[in-house]
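The chain contents come next:
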Amino acid sequence: MWIVAGILAGAIGLFVWGRPRADIVGVLVVVALMSTGVLTPTEALAGFGSPVVILLAGIFIVSAGLVNTGITQRLGEFVVKVGGRSEARLVALVMVLSAGIGSVMNSSAIVSMLIPVVLTVTAATGLNRKRMLMPLCVAVMISGMMTSIASSPNIIIEGILGERGITPTLGFFGFTPFGVVTLAVSVVFMLVIGRNLLSRNRTGAADAQEPSTFDVIASYGLRPRWHLLHVSADSPLVGQSVAAQRQPLRDRYGLDLLGFEKHTRGAAQYLSARPETVFEAGDLVFTLVDEQQAAAVAADLRSQVTGPRADDERREVLQNVGVAEVMLAPESKSIGMTLGNLDLATAHNVTVLAVRHRGQNITENLSSRTLDFGDAMLVGGNWDDIERLSDSRRNFILLNLPAEYEQRLVAPGRGRAAVLILIAMVTCMAFGWLPSADAALLGALAMVGAGCVRVDSIYRLISWSTLVLIAGMLPLATALAKTGTTTLIAHHLVDTLGDLGPTGVLAVVFLVTAVVALFISNSATAVLIAPVAIEAAQALHVSPQGFAMTVAIACSAAFVTPVSSPTNMLVMEPGGYRFSDYAKVGLPLLALTMVITVVMARLIYLPG
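Bear in mind that the values here come from a model prediction, so they are computed numbers and not experimental data.

Let's talk about the overall build of the protein chain
Next up, step 1: For the protein chain, the helix and strand inventory stands at 28 helices and 10 strands.
Next up, step 2: By residue count, 52% of the 608 residues in the protein chain fall in the buried class.
Next up, step 3: Excluding contacts between residues fewer than 6 apart, the proportion of contacts in the protein chain whose partners are at least 24 apart in sequence is 77%.
Next up, step 4: For the protein chain, the exposed surface amounts to about 25900 Å²; the carbon and sulfur share of it is 60%.

Section: helix α9 (residues 152-163)
Next up, step 1: With 12 residues, α9 extends 16 Å between its outermost C-alpha atoms, agreeing within 8% with the 16 Å of an ideal straight helix rising 1.5 Å per residue.
Next up, step 2: For α9, a buried count of 9 out of 12 residues is recorded, marking the element as mostly surrounded by other parts of the structure.

A word on the environment of Gly 307
Next up, step 1: Positionally, Gly 307 belongs in the loop between β5 (304-306) and α14 (311-317).
Next up, step 2: Assessed through its relative accessible area of 36%, Gly 307 is described here as partly exposed.
Next up, step 3: For the pair Gly 307 and Thr 287, spaced 20 residues apart in sequence, the C-alpha separation works out to 10.0 Å.
Next up, step 4: Gly 307 has contacts with Trp 226, His 227 and Leu 228, leaving out every residue within four places of it along the chain.

Here we look at unusual backbone geometry
Next up, step 1: The linkage connecting Thr 167 with the following residue, Pro 168, adopts the cis geometry, with an omega of -10°.
Next up, step 2: Looking at the element boundaries, Pro 168 is found in the loop between α9 and α10 (176-198).
Next up, step 3: With a phi angle near 50°, Arg 302 is a residue other than glycine that sits in the positive phi range.
Next up, step 4: On the secondary structure map, Arg 302 appears in the loop between α13 (291-300) and β5.
Next up, step 5: The class of Arg 302 is partly exposed, set by a relative accessible area of 44%.
Next up, step 6: The residue His 541 is not glycine, and still its phi comes out positive at about 60°.
Next up, step 7: Of note, His 541 is situated in the loop between α25 (522-539) and α26 (544-556).

A few points about the nonpolar core
Next up, step 1: Counting 134 residues, the largest nonpolar core has Ile 157, Met 425, Met 429, Leu 476 and Phe 547 as its most contacted members.
Next up, step 2: With 11 residues, the top contributor of residues to this core is helix α4 (residues 51-68).
Next up, step 3: Per-domain counts for this core show at least three residues from each of domain 1 (70-198) and domain 4 (414-461).
Next up, step 4: What Met 425 contacts, discounting residues up to four positions off in sequence, is Ile 59, Val 62, Ile 149, Ala 439 and Ala 440.
Next up, step 5: If you look at the next biggest cluster of nonpolar residues, it comprises 18 residues, including Leu 344, Val 352, Met 377 and Trp 383.

Re the pairing of strand β4 (residues 284-288)
Next up, step 1: Counting buried residues along β4, 5 of its 5 residues qualify, which places the element largely inside the surrounding structure.
Next up, step 2: Of the two faces of β4, the one lined by Leu 284, Phe 286 and Leu 288 and the one lined by Val 285 and Thr 287 are each fully buried.
Next up, step 3: With 5 bridges joining them, strand β1 (residues 226-230) and β4 adopt antiparallel strand pairing. Along β4, the bridge assignment pairs His 230 with Leu 284.
Next up, step 4: Relative to β4, strand β2 (residues 256-264) runs antiparallel, the two being bridged by 5 bridges. By the bridge assignment for β4, Leu 257 is matched with Thr 287.

As for the packing of aromatic side chains
Next up, step 1: Summed over the entire model, instances satisfying the criterion amount to 5 aromatic pairs.
Next up, step 2: Judged by centre distance (5.9 Å) and plane angle (70°), the ring pair of Tyr 577 and Tyr 582 falls under edge-to-face. The pair Tyr 577 / Tyr 582 is uniform in exposure class, with both members buried.
Next up, step 3: The cationic tip of Arg 356 hangs over the ring face of Tyr 220; the distance from NZ or CZ to the ring centre is 4.0 Å.

A few points about the pairing of strand β7 (residues 350-357)
Next up, step 1: Burial analysis of β7 places 7 of its 8 residues in the buried class, the great majority of the element.
Next up, step 2: Here β7 pairs with strand β9 (residues 376-382) via 6 bridges, running antiparallel. Its bridge partner being in β9, Arg 356 is matched across the sheet by Ala 376.
Next up, step 3: Relative to strand β8 (residues 360-362), β7 runs antiparallel, the two being bridged by 3 bridges. Note on β8: the bridge partner recorded for Arg 356 is Asn 361.
Next up, step 4: Counting the residues in the hairpin turn of β7 and β8 gives 2 residues, including Arg 358, whose phi is positive at 50°.

Side note on the pattern of salt bridges
Next up, step 1: Per the stated rule, a full pass over the model turns up 12 salt bridges.
Next up, step 2: We note a salt bridge from Glu 87 to Arg 195, for which the minimum N-O separation is 2.6 Å. Linking Glu 87 in helix α6 (residues 87-102) with Arg 195 in helix α10, this pair joins segments that are 108 residues apart in sequence.
Next up, step 3: Its salt-bridge partner being Arg 225, residue Asp 290 comes within 2.9 Å of it at the nearest N-O pair. Here the residue Asp 290 occupies a position in the loop between β4 and α13, and Arg 225 occupies one in the loop between α11 (213-219) and β1, the gap between them amounting to 65 residues.

Re the packing of helix α8 (residues 130-143) against helix α28 (residues 579-605)
Next up, step 1: Viewed as axis vectors pointing N to C, α8 and α28 meet at an angle of 45°, and their least axial separation amounts to 12 Å. In terms of orientation, α8 lies oblique with respect to α28. As α8 runs across α28, the sense of the crossing is right-handed. Contacts between α8 and α28 involve Lys 130, Met 134 and Val 138 on the former and, on the latter, Asp 581, Tyr 582, Val 585 and Leu 589.

What counts as what
- Residues numbered from 1 in each chain as written.
- Predicted model: local features only at pLDDT ≥ 70, side-chain atom pairs only at ≥ 80, totals over all residues.
- Heavy atoms only, no water.
- Helix = DSSP H or I, 4+ residues; strand = E, 2+ residues; numbered from the N terminus.
- Buried < 20%, exposed > 50% of the residue type's maximum accessible area, 1.4 Å probe, protein only.
- Contact = heavy atoms within 4.5 Å.
- Areas by Shrake-Rupley, 256 points an atom, 1.4 Å probe, with all protein chains shown as cover.
- Expected span 1.5 Å × (residues − 1).
- Core = buried A, V, L, I, M, F, W, Y, C linked by side-chain atoms within 4.5 Å.
- Domains from an automatic or database assignment.
- Pairing = 2+ DSSP bridges.
- Phe/Tyr/Trp six-rings, centres within 6.5 Å; stacked < 30°, edge-to-face > 60°.
- Lys NZ or Arg CZ within 6 Å of the ring centre and 35° of its normal.
- Salt bridge = Lys/Arg side-chain N within 4 Å of Asp/Glu carboxyl O.
- Axes fitted to C-alpha atoms, helices over the stretch in contact; angles between N-to-C directions.
- Parallel < 35°, antiparallel > 145°, perpendicular 65-115°, else oblique.
- Left-handed = near helix turned anticlockwise from the far one by under 90°.

Here it is as structure tokens:
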């Protein structure tokens, strides 16, 4: 028992110190339990094969599928559309959306996805980002209270109940009433009090935003030239390749080809204007051409010429086709060559749209233009082809990539498949048709099979540090139970606090869990506190589920410090928050969450 107590104390000390990393501490715990003989190697390494670890790995991949396909991005844009310029409406919508998505997604992924959405809103509306990002952070943490797969502590605690033969467990939606009530109270708190605790200024300083594709085009004076060419069935372009028509179109009309929208079996496909691409009837061709030439182009090519598309339609195009600024490197072999001789269209599959020489934009007679050191070129093409220009660092330097480059979707057009997979996974978990780990693993495989997640990226998508930490700490819970340490601590807790009654003990369990979670990860907190709380409930002869739920909710209530949760850290810099900002908002929220949890746990699990 004392050996286990020493290992536990050492692990907590290292967690508080912050060195080494938490996952390394988990490995050290495994080594210590094996080397001291407290657990057999099989018992000590069992955490790495635990259903809890498998379930979490699957959830990471399913979450990535929703991000890759643009589902989460579309939901964020829906908030912007509905919320308009009303700060109160936007705050409420952001919080509800974040909590809803977070019930089935990794919290860090949600925050990373929604921070740019919120910053875009603040830039467009002039609202203060400090009053907008903290509500997002709070809601994402509350999302961990929504379902059994919403957070690592929930999954761990469900596993502990199952291992101890306690039935029923909390259930997939058993957490939902606690999460919904906490979210509702938190939304009201942030709207009435919380925003003003962070800042009383409703408006913020203008944010520096990455330029869009059209901003970059406009900087070269080309924005009025953006047009769509609708290729008709009797157009002389039909059957011709880009390689054959690029130069004639430029010489005759000053027209540059950027990309194509082709339709196959009713689905739109967006391609850059590569030399081998062939014009077909029904193609939409993205071009740069002067308005004065548009009528001649339409008449001679027997095709319709229209202006640019609406913003929401442009986004689909710019998933594949874009522009960037490229500068010649000091030792570039291209210096002194003409653009015609350089022929970037053949060598790199990109089109030079304009040249900037000593501050002057040049858009005509480009093929005969001799390149000089310091010249910048505006090139258009497929994003991957543009990015590959940076591989030739001796010749080219990428100066300016528009915002759309970072907003590309890994798997566009797969959103419907991702949603169906998510629904199937959640349904199997909720109705118990499959064990949660099996359902998550099948969901992850389905995401890969449907093309929502690339096979070569799955190992980067999984937070291995989180899995190693949990796998390392789960055997410590086994050791605590095996040596009787958990029972001893639980009985001591009951002897000391038993006079407070179940409600009082629930409140103490919540507070202890929340305090411990301030210093160590919430996953480790769940592993350490949940078994003690369950044993205490059994010693009091009351429902262990109520105590387990209290620990789970307290683990997610990490509002008070920036280091309590990765989500807090993610918004700290973009929101300009200080440590005191988290305390001002977090302490009242923690108190409210404790009251809600204790009252609801007593009503649901400990009636009478």
